[in-house]
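# An overview of the molecular structure
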Amino acid sequence: MRTRKVIDASTLSDDVTLEADVAVIGTGAGGGFAAEILASSGLKVVMLEEGGYFTNQDFSLRESDAFRDLYQENAARKTKDSAINILQGKAVGGSTVVNWTTSFRTPANTLAHWRAHWGMEEYTPSKLAPWFQEVERRLDIAPWTGDPNENNNVVRRGAEKLGWHWGVIRRNVRRCQNLGYCGMGCPVNAKRSMLVTTVPAALDLGSVLVHRARAERLLHRGGKVGGLQAIALDGEGRLPTGKRISVNARHFVLASGAIGTPALLLRSNAPDPEDLLGKRTFLHPVNVSVALMPELVEPFHGAPQSLYSDHFLWPGSAGGEIGYKLEVPPLFPQLSAAVMKIHGHGHAELMARLPHMNACIALMRDGFHPESIGGTVSLHDDGSPIIDYPISDAMWDGFKRAYLSMAEMQFAAGAEEVLPLHTEARRYKTWAEARTAIQQLPMEIFKAYLGSAHVMGGCPMGGDSRTSLLDTLGSYRHLENLSVMDGSVFPTSVGANPQLSIYCVAMRNATALARRLNSSSGI
Amino acid sequence: MIDHRKPFFPCLPDLDRRRFLKLGAAAPVALSASSLTALPFADAWASVDIPPSELRFLEPSDVAILKALFPVVLAGAIPATFGPEDMEGMIRRIDGSLDRLAPFIKSELRLLFNLMDMAPVRALLARVWSPWETATEYDLNAFLDRWRESSIPQLRSAYAALHEMIMSAWYGEPASWERAGYAGPPEVDRPEGEDPA
């Protein structure tokens, strides 16, 4: 194994210029696979990453440290009106370092919708199956065979009693010790994130990684990208050091996530004749219901997500009323305390019952219903991104139904009390009481607590140049040597935790790109 | 509505209650301070004074607001032994967390703190009539409830922001975990390289 070429941009004492066949901007789910595949085809790859390079030796397993080092904006990234809190990764390996390992293939209904409405003819389950199989092999993705923790068991008990669908989640783990700290960086490297798979593989193939380097803009002229300018950040990733990194390459792959990629393209004044860039950005917005269970739950122990219910995901046609996926989040003190919007003794008393607490989340399948047009990424004065995400009546209707579903499931699973996370909700003792009360809850921002951990869209693929910025291989239509391979390529939300969809599409499209670059002149 | 003023002790398990009473008896401040008097921590934390040059986001007037709100937001959670050094650490952690937020959020928080520091705004919007430093627990609770339940989204948003910064700072710290029944992260063998143990 050759010595890995890793540059910590915070330590640069001079500006640097790097030459490569391909520059990959971002090292998360999309960038990791793109880099490895391009490098393994013989191309010289430079990877750029805004975050720091932390390994399993660094992860303290404390929320406060993880939020500081591994998450965008201290895990408190917000939409423009601050109504939705966005959990998004920021480190070498991107969000895959901190996600909860949940791995769903893109739902067949979603693919059918993309084919019918977005011209993505080749995106069929059977044509994608070989790519999914390859990713699943590479990342050890398999159904969780251990016992679900009690937090997840609430889904099974409730769904079974009510006759609802439930299923076992597949996870990208190898020799998982069932610790429960996926969200703070896996200390035993059981999670097969990009940090321990594709990124080191690309390095071992001779790629260069520059971290603590924020991509500022693409320089383009005449429909072609000539270079990328990035700035070095200090060791905390806080302030520019004043040093610059320039990358010259034949081809550029953007993989900065569905906020970072549109923002970089906007800063670069990338051609966008149909005004699509940053529009239709989706979040799988989530509302939350907390339950107090008679048995010990210890929602901070064990695989964070192992069971789910799709009973309400496709209530009618794909474009009909908004459906939602039911899952549970792990509950550690810091984030749990912050999302329960009460204070004083009532809050303290709830926190003292954390070991008996279950929480359910409902992930809204946004981008299918005609009213669900998602949010818009734009730029602040200083070039930093802002995502504006108005909530439509159709989505509020979904949240209301989801509060009901979650409470019903939690009571069916034996909950003693259920508290929807809404400032006008109370702790309800029975399903009948909860049902009546939830019907009356006003659906308004900062009353309903809302979050998101999945950012998608804003630079969509599609078959029609009037409604898509990328062709179905992820090539940017208006700049010939630019591709996008991350969550921003999806024309709607995925309707399931997106990591496996991003891996699959990145692998497929990077393989096609590698073939194209290797067959063209200049190599 | 949740009653923030209900007695604290009955909801604690026996062991915790005994320990808490013991701590309270030993502490220099009286836990039984009436909610109509100044806050129990006000005197103890008066010495918390961080040079502005050591703070990245917070200003001295913000620190005064946080010191006033901290024991009210966390009533029933922080021990009476929570001293000035502990509080100083909290302020520094809040400062670091706020510094990492997006520029547009920081602009809004700066505006919020500046407004809260203006006496007319404090009186009219928060209905806290005395300076933050001398406000009573009753007034501060009423203020928090009013903003939390306001019909004006911006005030609910402000409540959410103040709540998040204080809750995150306290419950991110090991000192808070025992009461939340959380033993903290396990000791594990950490393999070198990229393969699992």
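Residues numbered from 1 in each chain as written. Chains lettered and ligands numbered in written order. Predicted model: local features only at pLDDT ≥ 70, side-chain atom pairs only at ≥ 80, totals over all residues.

## Describing the overall build of chain B
- Per the secondary structure count, chain B includes seven helices and zero strands.
- Going from N to C terminus, chain B has its helices and strands arranged as α-α-α-α-α-α-α.
- Scored against the burial criterion, the 197 residues of chain B give a buried share of 39%.
- When contacts within chain B are restricted to residue pairs at least 6 apart in sequence, those whose partners lie at least 24 apart make up 66%. (Helix = DSSP H or I, 4+ residues; strand = E, 2+ residues; numbered from the N terminus. Buried ≥ 20, exposed ≤ 12 C-beta atoms within 10 Å, placed from the backbone. Contact = placed C-beta atoms within 7 Å.)

## Points about the nonpolar core
- Core analysis: the largest hydrophobic core is formed by 235 residues, its most contacted members being Ala23(A), Ala34(A), Leu38(A), Val45(A) and Val46(A).
- Ranked by residue count, the leading element in this core is helix H7 (residues 153-171) of chain B, at eleven residues.
- In this view, Val46(A) contacts Leu18(A), Ala20(A), Ala23(A), Ser207(A), Val208(A), Val210(A), Val247(A) and Ala249(A); residues no more than four positions away in its chain are not counted. (Core = buried A, V, L, I, M, F, W, Y, C linked by C-beta atoms within 7 Å.)

## Quick notes on the pairing of strand E11 (residues 224-233) of chain A
Residues and elements named next belong to chain A.
- Both strand E10 (residues 213-221) and E11 contribute to a ladder of eight bridges, which runs antiparallel. Each bridged residue has a counterpart across the sheet, and for alanine 215 the counterpart in E11 is alanine 230.
- Bridging between E11 and strand E12 (residues 240-254) involves five bridges; their strand directions are antiparallel. Looking at E12, one finds that alanine 230 is bridged to isoleucine 245.
- Between the end of E11 and the start of E12, which pair antiparallel, lie six residues, with glycine 237 showing a positive phi angle near 70°. (Pairing = 2+ DSSP bridges.)

## Re the interface of chain A and chain B
- Residue-level contacts link 49 residues of chain A with 48 residues of chain B.
- Among the secondary structure elements, those contributing two or more residues to the side of chain A that touches chain B are helix H2 (63-70), strand E4 (77-78), helix H8 (333-339) and helix H9 (345-352) of chain A.
- Ranked by the residues each element gives to the side of chain A that touches chain B, the list is headed by H9(A), at six residues.
- Split by residue class, the side of chain A that touches chain B holds 22 nonpolar, 14 polar and 13 charged. (Nonpolar A, V, L, I, M, F, W, Y, C, P; charged D, E, K, R; others polar.)

## Overview of the packing of helix H2 (residues 60-73) of chain B against H7(B)
Residue and element names in this part refer to chain B.
- Two numbers describe how H2 lies on H7: the axes approach to 10 Å, and their chain directions differ by 75°. As judged from the angle between their axes, H2 and H7 are roughly perpendicular. Facing H2, whose interface residues are Leu69, Phe70 and Val73, H7 presents Leu162, His163 and Ile166.
- For the contact of H2 with H7, the residue count by class is five nonpolar, one polar and no charged. (Axes fitted to C-alpha atoms, helices over the stretch in contact; angles between N-to-C directions. Parallel < 35°, antiparallel > 145°, perpendicular 65-115°, else oblique.)

## Looking at unusual backbone geometry
Residues and elements named next belong to chain A.
- Even without glycine at this site, asparagine 178 takes up a positive phi of about 60°.
- Its location among the elements puts asparagine 178 in the loop between strand E8 (170-172) and helix H6 (198-204).
- Look at phenylalanine 446: it is not a glycine, yet its phi comes out positive at around 65°.

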